[in-house]
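Structural overview
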Amino acid sequence: MTKRIDQAVIMVGGRGTRLRPLTETCPKPALPVLDKPCLMYLIESVAAAGIKKVILACGYRSQQLVEAIGDGSHIGIEISYSFEDEPLGTAGAIKKVENMLGETFVAANGDVFADIDVKDEIREHFSSGAAVTMSLTPVDNPCEFGIARVGPDGRISEFKEKPKPEEAFSNLINAGVYVLEKRIFDTVPENAQYDLSKELIPRLMERGERIQGYGLKGMWRDVGRPSDLIGANLSAAERLFGKEGPTENGAIRTEIGGPFFLGEGSVISDSFSQSSVILKECVVAGSRLKGSLVMRNCRVEEAEISDSILGKGCKISPGSTIVRSVLGDGTLVPPGTAIIDNEVKK
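To start, this report covers the structure provided alongside it. None of these values were measured; they are calculated from a predicted model.

Description of the overall build of the protein
Check the secondary structure of the protein and you find six helices and 29 strands. Taken over the C-alpha trace, the protein has a radius of gyration of 21 Å; the compact-globule value for 346 residues is 20 Å, and the two agree within 12%. For the protein, the spread of C-alpha atoms along the principal axes amounts to about 65 × 45 × 40 Å. Within the span of the protein, comprising 346 residues, buried residues form 55% of the whole. Sequence-distant contacts, at least 24 apart, represent 51% of the contacts inside the protein between residues at least 6 apart. Charged side chains in the protein number 41 positive and 48 negative. The centres of these two groups are separated by 1 Å.

Rendered as structure tokens:
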């Protein structure tokens, strides 16, 4: 009989400081990818693997996250919430809900964009008999992540967090989606900050536990920086609509190149868009967009937006230029203003 896993824990307690000012008004996992909270793609991935109960371990702006994600009934699962008064780290957050978990469960970092095959990772875990199965994916610059050396049988023989360039023995990084045996948490202290990848996994490797690597299948990317959030939206748009994107439904006398998305109720007219995403209830007129994300309820008139993010409800007046910048929710940009690298230029 095939073994099943019914539960997942997703850690969503981080502050997302590199995404300020967007995260000053919205928790990072609730930031949008094509008008859906980024976290929902991961939740839907674990639901597609047959998991019926998801626990979100929350910290920063937790009530907003509850409002954005809900109880899971709309996708046929049960979502519950664990609230941290003080940060507990990834392993500490799991330890806090240990009594709610079965003997084997999925755990994931919720600060990534992930539309992936979790069922196949679960299958690999049971097949290998590992204590931990860690999803891995190749990246160009592994120095910002934990890296793994994997043997022919898939077993991780070496793991190092955030190596210096000269220490990077692999470009395979920890993608933050795990299958775990609950017994490994017997040494994790209660009500204390403790990290899964930095502390627990190295300890398990020292005592000879099998840590299995799994080559992630699907779409995954870190969303730690503004350029990553733009990239996640463009990747999702390209996956849905292809490299040129849809040209109907609200795009009027507008030239479109590269991935494109236009949210419900939005209109773009007499404009040019190159690799950009416009979320719902926006109006863009007589403007040029390049490599940018326009969040919901924005108004952009006769402006140029390049490699930038406009937070919810921004109003960009005629003659303005926004380059390599992130505007917080509700920003009003006067006519003729130039904002470059987050600074107003005179």
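Comments concerning the sheet that holds strand 21 (residues 299–301)
With parallel pairing, six strands are arranged side by side in an open sheet as 14-16-18-21-24-27. Edge positions in the sheet fall to strand 14 (251–252) and strand 27 (332–333), since each of these pairs with one other strand and no more. When strand 21 meets strand 24 (residues 315–316), the two strands line up parallel, connected through two bridges. Counted as the bridge partner of Arg299 is Lys315 from strand 24.

A look at the pattern of salt bridges
Opposite charge on two side chains permits pairing when their charged atoms draw close. Summed over the entire model, instances satisfying the criterion amount to 15 salt bridges. Residue Lys28 pairs with Asp111 through a salt bridge whose shortest N-O separation is 3.9 Å. Separated by 83 residues along the polypeptide, Lys28 in the loop between strand 1 (7–12) and strand 2 (32–33) and Asp111 in the loop between strand 6 (104–109) and strand 7 (112–116) bring together distant segments of the chain. Classification of Lys28 as buried rests on a relative accessible area of 9%. Residue classification places Asp111 among the partly exposed residues on the basis of a relative accessible area of 32%. The shortest N-O distance in the salt bridge between Lys95 and Glu98 comes to 3.2 Å. Salt bridges sharing common partners tie together Asp120, Arg123 and Lys217.

Some points on the packing of aromatic side chains
If you walk through the whole model with that rule in mind, you get four aromatic pairs. Pairing Tyr81 with Phe83 gives two aromatic rings, centres 6.3 Å apart and planes at 10°, and the pair type is stacked. On the numbers, 6.4 Å between centres and 65° between planes, the contact of Phe145 with Trp220 is edge-to-face. Taken as a pair, Phe145 in the loop between strand 8 (132–138) and strand 9 (146–150) and Trp220 in strand 13 (residues 218–222) lie far apart in primary sequence, 75 residues in all. Judged by relative accessible area, which is 16%, Phe145 ranks as buried. For Lys36, the ring lying beneath its charged end belongs to Tyr41, and the centroid distance is 4.2 Å.

Considering helix 2 (residues 62–69)
Restricting attention to buried positions, one finds in helix 2 the residues Ser62, Leu65 and Ile69. Along helix 2, the residues classed as buried sweep out an arc of 55° about the axis, all on the same side. Lining the buried residues of helix 2 we find strand 1, strand 3 (36–37), helix 1 (38–48), strand 4 (53–58) and strand 5 (78–83). Gly70 occupies a position one or two residues after helix 2 and carries a positive phi of about 80°.

Structural notes on helix 4 (residues 118–128)
Residues of helix 4 that are buried include every one of Val118, Asp120, Glu121, Ile122, His125 and Ser128, and no others. Of the surrounding secondary structure, the elements contacted by the buried residues of helix 4 are helix 1, strand 6, strand 7, strand 8, strand 11 (172–181) and strand 12 (211–215). The N-cap residue of helix 4 is Asp117: its side-chain oxygen and the backbone nitrogen of Lys119 are 3.2 Å apart. Positioned one or two residues after helix 4, Gly129 has a phi angle of 70°, which is positive.

Section: unusual backbone geometry
Here the amide bond leading from Arg20 into Pro21 is cis, since omega sits at 10°, within 30 degrees of zero. Mapped onto the elements of the fold, Pro21 is located in the loop between strand 1 and strand 2. At Leu34, a position not held by glycine, the phi torsion is positive, near 50°. Tracing the chain through its elements places Leu34 in the loop between strand 2 and strand 3. Of note, Glu281 is a non-glycine position whose phi angle comes to about 60°, a positive value.

Cut-off values and rules
- Residues numbered from 1 in each chain as written.
- Predicted model: local features only at pLDDT ≥ 70, side-chain atom pairs only at ≥ 80, totals over all residues.
- Heavy atoms only, no water.
- Helix = DSSP H or I, 4+ residues; strand = E, 2+ residues; numbered from the N terminus.
- Rg over C-alpha atoms; globule rule 2.2 N^0.38 Å.
- Buried < 20%, exposed > 50% of the residue type's maximum accessible area, 1.4 Å probe, protein only.
- Contact = heavy atoms within 4.5 Å.
- Lys, Arg positive; Asp, Glu negative; His and termini not counted.
- Charge placed at Lys NZ, Arg CZ, Asp CG, Glu CD.
- Pairing = 2+ DSSP bridges.
- Salt bridge = Lys/Arg side-chain N within 4 Å of Asp/Glu carboxyl O.
- Phe/Tyr/Trp six-rings, centres within 6.5 Å; stacked < 30°, edge-to-face > 60°.
- Lys NZ or Arg CZ within 6 Å of the ring centre and 35° of its normal.
- Arc of directions from axis to C-beta.
- Polar contact = N/O pair within 3.5 Å; in protein donor to acceptor, adjacent residues only side chain to side chain.

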